[in-house]
Amino acid sequence: MPFPDLPDRLREVRGRIEAAVKRGGHGQAVRIVAVTKTYGPDAVEAASRAGVQDVGENRVQEAVEKMDAVSVPVRWHLIGHLQRNKVKFLPRFHLLHSIDSSRLADAANDVGVEHGQPIAALVQVNLAGEATKGGFTLAELPAEAQRLAGFRGLRVEGVMTMAPLDAAEGTLRQLFAGARAGRDVLARAGHPATELSMGMSNDFEIAVEEGATCVRLGTVLFGARS
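Reference entry: report on the structure contained in this document. (Residues numbered from 1 in each chain as written. Predicted model: local features only at pLDDT ≥ 70, side-chain atom pairs only at ≥ 80, totals over all residues. Heavy atoms only, no water.)

**Details of unusual backbone geometry**
Convention followed: The secondary structure listing takes helices from DSSP runs of H or I that are at least 4 residues long and strands from runs of E that are at least 2 residues long, numbered from the N terminus. The buried label applies to any residue whose accessible area, calculated with a 1.4 Å probe on protein chains only, is under 20% of its type's maximum; exposed applies above 50%, and partly exposed to all values in between.
Phi at Phe 3 takes a positive value of approximately 55°, unusual for a residue other than glycine. With respect to the secondary-structure elements, Phe 3 resides in the segment before α1 (6-24). Even without being glycine, Thr 38 reaches a positive phi, approximately 70°. Mapped onto the secondary structure, Thr 38 falls in the loop between β1 (31-35) and α2 (41-49). Since its relative accessible area comes to 55%, Thr 38 is described here as exposed.

This is the structure we're talking about:
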């Protein structure tokens, strides 16, 4: 059976998350999104068997291939950058984590209107100023939050952010607190913004201490990628 140690790894991770929630004092529920990118469909099946209901993929094409290859009842999350020419696939996903530009928001909204059901999405905030990552700055967010409030085909459920891999703890806490502030901006604009998607295998405990409601975990669950 592939990934035989996944249940033990998951048990340990859940214990670490529970302890981090207590340390952080935010009292939030935390959802684990098992990131199955570059692993085969057997990783999705293993996650489902272990009790994980949410799986995340970075690329639409890889996600769709796995959707068509498995029959387990999981919720699919798109966590990577989405090209506008692939927005037609959005109705197949439970949640888009990466609205990183106004143009992508417009395109996703059009799909939601056409589909007759709003696309559930998170706004990506770029708090570290990394040129290689998309997203809105905190200064840009209030105007965009007001603009998105008029959309019928997009339901903004919160914020997603990514921290630099080598960031020090103090920097991580500053970035994650900034994401929390970004979520508050969205909520004040009238969005049902309760989600904070932040934290990966290397920093998820700090993210949870800072209020993360969703952590995106790959290697800590499945082992190192080949």
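**Notes on the layout of surface pockets**
In plain terms, the rule: Points on a 1 Å grid over protein atoms alone make up a cavity when a 1.4 Å probe fits among them but cannot get out, and a pocket when they form an open set with protein on both sides within 12 Å along at least five of seven lines; lining residues each have an atom within 4 Å of a point. Grid points are joined across faces, edges and corners, and a volume is the space filled by probe spheres set on the points. Charged means Asp, Glu, Lys or Arg here, nonpolar means Ala, Val, Leu, Ile, Met, Phe, Trp, Tyr, Cys or Pro, and polar covers whatever is left, Gly included.
As a volume, the largest pocket reaches approximately 440 Å³. For the largest pocket, the lining is made up of 24 residues, of which Lys 37, Asn 58, Ile 79, Met 162 and Met 200 are closest to its centre. Grouping the amino acids of the lining of the largest pocket by side-chain chemistry returns 8 nonpolar, 11 polar and 5 charged.

**Remarks on the packing of aromatic side chains**
Spelled out, the test is: Only the six-membered ring of Trp is used, alongside the rings of Phe and Tyr, when aromatic pairs are assigned; centres must lie within 6.5 Å, and planes under 30 degrees apart are stacked while those over 60 apart are edge-to-face, with the rest tilted.
Here the structure, examined in full by the defined rule, presents 3 aromatic pairs. Here the aromatic rings of Phe 3 and Tyr 39 are separated by 5.9 Å at their centres, their planes lie at 90°, and the arrangement is edge-to-face. Of this pair, Phe 3 sits in the segment before α1 while Tyr 39 is found in the loop between β1 and α2, placing the two residues 36 residues apart along the sequence. Residue Phe 3 shares its accessibility class with Tyr 39, and that shared class is buried. Ring geometry for Tyr 39 and Phe 222: centres 5.0 Å apart, planes at 50°, overall tilted. With a gap of 183 residues between them, Tyr 39 in the loop between β1 and α2 and Phe 222 in helix α8 (residues 219-222) connect regions that are remote in the sequence. Here the two residues Tyr 39 and Phe 222 agree in accessibility, since each one is buried.

**Brief notes about helix α4 (residues 102-115)**
To be explicit about the condition: The span you would expect from a helix comes to 1.5 Å times its residue count less one. Residue contacts are counted whenever heavy atoms from the two residues lie within 4.5 Å of one another.
Helix length check: α4, at 14 residues, gives a terminal C-alpha distance of 20 Å against a target of 20 Å (1.5 Å per residue), a fit within 8%. Taken residue by residue, α4 has Leu 104, Ala 105, Ala 107, Ala 108, Asn 109, Val 111 and Gly 112 as its buried positions. Tucked inside the fold, the buried residues of α4 contact β4 (95-99), β5 (119-124), α5 (141-148) and β6 (154-160). Of the residues trailing α4, Gly 116 is marked for its positive phi of about 80°.

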